[in-house]
Amino acid sequence: MSSTFYGLEIARKGLYAGQKGLDVTGHNVANVNTPGYTRQRLTVKSIPPPANSGLYRSVGKGMAGGGVDIQSLDQIRDGYLDRQYRRESMHLGEWTIKSNTLGYIEDIFREPSDASINAALADLYASMQEMSKNPESQEIRTLVRQDAIKLTESIHHYYDQLVQLQKEQNDAIAVTVDEINDMVVQIRDLNEQIFKFEVGGEKANDLRDKRNMLLDELSQIIKVDYYESPDGKFRVDIDGMPLVDHMHYNLIEVRADKDNPIYEGQTGEPQYLNKLNNVYWKGSDLKVPINGGEIKGYVDMRDGNMPDNMGIPYMIRQLNNFAAGLTKAFNEVHSKGYPIPNDSKVYKELDIPDEGGADINFFEPPEGVTAKNIKVSDAILESVFNIACSGQKLEQSSPNDPDYQQKIQNWGDNKNALEMLKIRNKGDIKLEDGTLIGNLEDYFKKVISELAVESSHSTKMAEGQQILTGHIQNQRLSISGVSLDEEMTNLITYMHSYSAAARTITAMDEMLETLINRTGLVGR
């Protein structure tokens, strides 16, 4: 009889294992479309037969084992693929931000188009060409002034757009820091829940799924390292500093204390203007290393001021150089020419020499010019007759002047207008500090070309990272994802296992019925 009860215990354990297997399979099937869910598997092992003593002492040899024992409920994950995915996801986040930002800058400059800077510069040259033919015409001079204003307004517009874009990148860093802090708190809370749940030997698989999803998101935002100790304590680091250390955490914060590279070396701009965000460990003066992820993309685009780190400040520097080169080239020629005598306040206050030019600037300011402050000179804004087309000093005249006709004929002098037109083909324009601009149109084309190359490179890198992370994610899903075909196979297996265990109990019950109620009735 002892062996029969032993058999009942074996069948009971089989019944329980089958039921547990059905539960796990049902849980997998129910979460087939749940983002971040990792399929689970019941791990079992056979129970060896008891020692040949005690209640279950065997008569003879051939003692059966003790049935099946459930060891654990495990997640099917590959830690190497997880780390590989998060590393590549970090690069994807960085290159995606750079690609999107550089693409937006390309849209700002709109080269080539009718609204571009080079188009506005070409319009100015065209109107100057007409002015050289009719230098005494007020209408054509007005057109020259309007085209010059249009050019400066285009430069201002691009500058303002880039400054606004930099502000948005700076704000995005602050928002990203808040997102990191929110994830840090969630990971810390999950650490506590997982640790408490698993103290008794169970597996908090669904809580671990939530933590893994947070790690995926966090890795795309910033470069982190993580590990779990043998006693179940989980830690997340940034460059060796703990972000989350089991049930403790450190937050990060932004402080607007970084000098804006846009204003480096400029005069007339307060150095405290538009301070940018630095990222610190909260409550300390220690900066957080930004070595990857979306936040690095934002920082590089916001601060990049070199050809190998082409960010917004670099593009603004090129725009400043263009504005300075434009101002220097035109002022050098224009200041050597003479205006038509007129009634403007500027003209009346000028002490015009007989030789060397009237020293009137075409653009202002003559020094310290930037894309932000370049403008058509006040003299030309007050009167289009102050545009210095003539190569000689012109005399004031009126119809009552006996030499009136001779004097106004000299107003058609276009020698300096022709000199200004030569700027279009001038290839050796330099800034005051010796920086070679070369030809104005070619310089800006070169800037746009550099931007296009860098934007194309970033886009290709982002696309490459997207393909790579997608490939690794597919590998992860092939291991961790739920396959309905496989689960249906498991469902049938566990169902038959459960049914067989139940049938074994029925058979044992019938044996006991015979043993208990029918033994000794033979022959009666």
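Values in this document were obtained by computation on a predicted structure and should not be read as measured data.

**Q** So what about a negative patch on the surface? Which residues, and what values?
**A** Together, Asp178, Glu179, Asp182 and Glu217 line one region of the surface with negative charge. With respect to the helices, strands and loops of the structure, Asp178 is situated in helix α4 (residues 138-198). Its relative accessible area of 53% is what places Asp178 among the exposed residues.

**Q** I'd like a rundown of the packing of aromatic side chains, residues and numbers included.
**A** In total, this model carries 8 aromatic pairs according to the counting rule given. Taking the centre distance of 5.5 Å and the plane angle of 35° together, the rings of Phe330 and Phe362 count as tilted. Of the two residues, Phe330 is situated in helix α7 (residues 312-334) and Phe362 in the loop between α8 (345-349) and β11 (363-364); the sequence distance between them amounts to 32 residues. Of the two residues examined, Phe330 and Phe362, each falls in the buried class. Relative to Phe363, the ring of Phe362 lies with its centre 4.9 Å away and its plane at 75°, an arrangement referred to as edge-to-face.

**Q** Go over the nonpolar core with me, naming the residues and quoting the values.
**A** With 60 residues, the main nonpolar core has Phe109, Leu319, Leu326, Phe330 and Leu440 as its most contacted residues. Contributions of two or more residues to this core are made by α2 (79-109), α3 (117-133), α4, α7, α11 (415-421) and α12 (440-480). Those residues in contact with Phe109, other than ones at most four positions away along the chain, are Ser116, Tyr158, Leu162, Met315, Leu319, Phe444, Ile448 and Leu451. One finds Ile97, Ile173, Ile180 and Phe234 within the second-largest nonpolar core, a separate group that totals 31 residues.

**Q** With reference to specific residues and values, describe the pattern of salt bridges.
**A** A side chain with one charge can pair with a side chain of the opposite charge if their charged atoms come near. A complete count under the given rule lists 38 salt bridges for this structure. Of the charged contacts, one joins Asp300 and Lys98 as a salt bridge, the two residues approaching to 3.0 Å between their closest N and O atoms. Of this pair, Asp300 sits in helix α6 (residues 294-303) while Lys98 is found in helix α2, placing the two residues 202 residues apart along the sequence. The pair formed by Asp300 and Lys98 is uniform in burial state, with each residue classed as buried. Residue Arg424 is joined to Glu441 by a salt bridge in which the shortest nitrogen-to-oxygen separation is 3.3 Å. Within this pair, whereas Arg424 is found in the loop between α11 and β13 (429-430), its partner Glu441 is found in helix α12, the two being separated by 17 residues in sequence. Shared partners join several salt bridges into a network, and the residues in it are Arg77, Asp82, Arg86, Asp209, Asp216 and Arg476.

Reading the values: the criteria
- Residues numbered from 1 in each chain as written.
- Predicted model: local features only at pLDDT ≥ 70, side-chain atom pairs only at ≥ 80, totals over all residues.
- Heavy atoms only, no water.
- Patch = residues over 30% accessible without salt bridge, like charges linked within 9 Å, V, L, I, M, F, W, Y side chains within 5 Å.
- Areas by Shrake-Rupley, 256 points an atom, 1.4 Å probe, with all protein chains shown as cover.
- Salt bridge = Lys/Arg side-chain N within 4 Å of Asp/Glu carboxyl O.
- Lys, Arg positive; Asp, Glu negative; His and termini not counted.
- Charge placed at Lys NZ, Arg CZ, Asp CG, Glu CD.
- Helix = DSSP H or I, 4+ residues; strand = E, 2+ residues; numbered from the N terminus.
- Buried < 20%, exposed > 50% of the residue type's maximum accessible area, 1.4 Å probe, protein only.
- Phe/Tyr/Trp six-rings, centres within 6.5 Å; stacked < 30°, edge-to-face > 60°.
- Core = buried A, V, L, I, M, F, W, Y, C linked by side-chain atoms within 4.5 Å.
- Contact = heavy atoms within 4.5 Å.

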